[in-house]
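Read off the chains here:
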Amino acid sequence: PRGREGEALISEARKNPGSLIVEGAYFIRGLRLDAGNKLGVYNALTRFASLSGVTYDSFSRKRETVLLSDVRRVEAPGSQKSLPDTVVESLPDVQSFEIHARDVNFGSTWYSARVDCAGDGFALSLTNSRPQAVMAVRAFAVGALRLRYAMVSADEGVYVYALCLARPESFASRFVDMYSAATKRLEAVRGWAVARIQEGAK
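Everything quoted here is computed from the prediction, not taken from an experiment. (Residues numbered from 1 in each chain as written. Predicted model: local features only at pLDDT ≥ 70, side-chain atom pairs only at ≥ 80, totals over all residues. Heavy atoms only, no water.)

### Details of the overall build of the protein chain
Here comes step 1: A count of helical and extended segments in the protein chain gives three helices and 12 strands.
Here comes step 2: Overall, the C-alpha framework of the protein chain stretches about 50 × 35 × 35 Å when taken along its three principal axes.
Here comes step 3: Burial analysis of the protein chain (202 residues in total) assigns 48% to the buried set.
Here comes step 4: Excluding contacts between residues fewer than 6 apart, the proportion of contacts in the protein chain whose partners are at least 24 apart in sequence is 63%. (Helix = DSSP H or I, 4+ residues; strand = E, 2+ residues; numbered from the N terminus. Buried < 20%, exposed > 50% of the residue type's maximum accessible area, 1.4 Å probe, protein only. Contact = heavy atoms within 4.5 Å.)

Laid out in structure tokens, this is it:
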């Protein structure tokens, strides 16, 4: 997408693309992001506890499976101390958060989340702030799993662009399909973001 949200993604992808790149796009028809609903959308997007219960279709389990549970704001990477989700009355330009999520494959994980609404739309970023491992095998070092979302108004409605820039550990890649792992997480959070936009824009 063009504008502030797209330019930031292009810059990051060029400077530090990673070894694995996954893209996705989605349209929410009949909605627009404007001054009248941006505050509601922001408050919905920062209600991180609502990420608990996002699912994906598991090939190995042959059923829909919960990907993330016990999602909550915390004080710092590695912390278990919960902080409440908050509701703001005025829209900030940029805000950062630390969140914990129990991942069905990686166990307890931590992400640094950033919501940028200084432009016409929203930019949401999630970056793992602690290493992630499958059993005892490290899958991602700190900062090696980056999920990026740009949400902007378009002629068709709201355009939600999703981008994963990842650098999985080569040893773990022998045992885990890292493309599939990245895609599942990118799409699960994208689906959550779409639902939050629809909720907040009412």
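### Re the confidence of the model for the protein chain
Here comes step 1: Of the residues in the protein chain, 98% have a pLDDT of 70 or more, and the chain-wide mean is 94.
Here comes step 2: Per-element confidence in the protein chain ranges from a low mean pLDDT of 84 for strand β2 (residues 55-58) to a high of 98 for strand β4 (residues 68-74). (pLDDT = per-residue confidence, 0-100.)

### Structural notes on the packing of helix α2 (residues 38-45) against helix α3 (residues 178-200)
Here comes step 1: In the contact formed by α2 and α3, the axes pass within 8 Å of each other and the chain directions differ by 140°. Taken together, the axes of α2 and α3 are oblique relative to one another. Taken as a pair, α2 and α3 cross one another with a handedness that is right-handed. Contact residues: G40, V41, A44 and L45 in α2; W192, A193, R196, I197, E199 and G200 in α3.
Here comes step 2: Its residues assigned to classes, the contact of α2 with α3 comprises six nonpolar, two polar and two charged. (Axes fitted to C-alpha atoms, helices over the stretch in contact; angles between N-to-C directions. Parallel < 35°, antiparallel > 145°, perpendicular 65-115°, else oblique. Left-handed = near helix turned anticlockwise from the far one by under 90°. Nonpolar A, V, L, I, M, F, W, Y, C, P; charged D, E, K, R; others polar.)

### Comments concerning the sheet that holds strand β8 (residues 122-128)
The pairing of strands in a sheet happens through backbone hydrogen bonds and is either parallel or antiparallel.
Here comes step 1: Pairing within the open sheet is antiparallel, and its eight strands lie in the order β1-β12-β11-β8-β7-β6-β4-β5. What marks the edges here is a single partner per strand, and that holds for β1 (20-29) and β5 (82-83).
Here comes step 2: Most of the contacts of helix α1 (residues 3-15) go to strand β11 (residues 145-154), to which it runs at about 155°, and overall it touches β6 (94-103), β7 (107-116), β8, β11 and β12 (157-166).
Here comes step 3: In this fold α3 packs onto β1, β6, β8, β11 and β12, with an angle of close to 25° to the strand it touches most, β1. (Pairing = 2+ DSSP bridges.)

### Some details on the pattern of salt bridges
Here comes step 1: One pass over the full model with this rule turns up 10 salt bridges.
Here comes step 2: Between R148 and E12 there is a salt bridge, and its shortest N-O distance comes to 2.9 Å. Highlighted residues: R148 in strand β11 and E12 in helix α1, separated in sequence by 136 residues.
Here comes step 3: Judged by its relative accessible area of 9%, R148 is buried.
Here comes step 4: Relative accessible area serves as the criterion here: at 21%, E12 is assigned to the partly exposed category. (Salt bridge = Lys/Arg side-chain N within 4 Å of Asp/Glu carboxyl O.)

### Some details on the packing of aromatic side chains
Here comes step 1: Tallied over the entire structure, the rule returns five aromatic pairs.
Here comes step 2: Here the aromatic rings of F48 and W192 are separated by 6.3 Å at their centres, their planes lie at 20°, and the arrangement is stacked. Here F48, found in the loop between α2 and β2, pairs with W192, found in helix α3; they are 144 residues apart in sequence, far enough to count as distant. Per residue, the accessibility class of F48 equals that of W192, and both read buried.
Here comes step 3: Linked through ring pairs, F27, Y159 and Y161 together constitute an aromatic cluster. (Phe/Tyr/Trp six-rings, centres within 6.5 Å; stacked < 30°, edge-to-face > 60°.)

### Description of α1
Here comes step 1: Under the 1.5 Å per step criterion, the end-to-end length of α1 is 18 Å for 13 residues, consistent within 8% with the ideal 18 Å.
Here comes step 2: Along α1, the residues classified as buried are E5, G6 and L9. One face of α1 carries all of its buried residues, which in axial projection span an arc of 90°. Seen from the buried face of α1, the exposed residues on the opposite side, beyond 90 degrees, are E7, R14 and K15.
Here comes step 3: The inward-facing, buried residues of α1 abut β8, β11 and β12. (Expected span 1.5 Å × (residues − 1). Arc of directions from axis to C-beta.)

### Description of the pairing of β12
Here comes step 1: Of all 10 residues in β12, 10 are buried; the element is thus mostly enclosed.
Here comes step 2: Note that β1 and β12 share 10 bridges and pair antiparallel. The residue of β12 that forms the bridge with F27 is Y159.
Here comes step 3: For β11 and β12, the ladder comprises 10 bridges, and the chain directions are antiparallel. Paired with S153 across the strands is V158, a residue of β12.
Here comes step 4: The turn joining β11 and β12, which pair antiparallel and follow one another in sequence, is formed by two residues.

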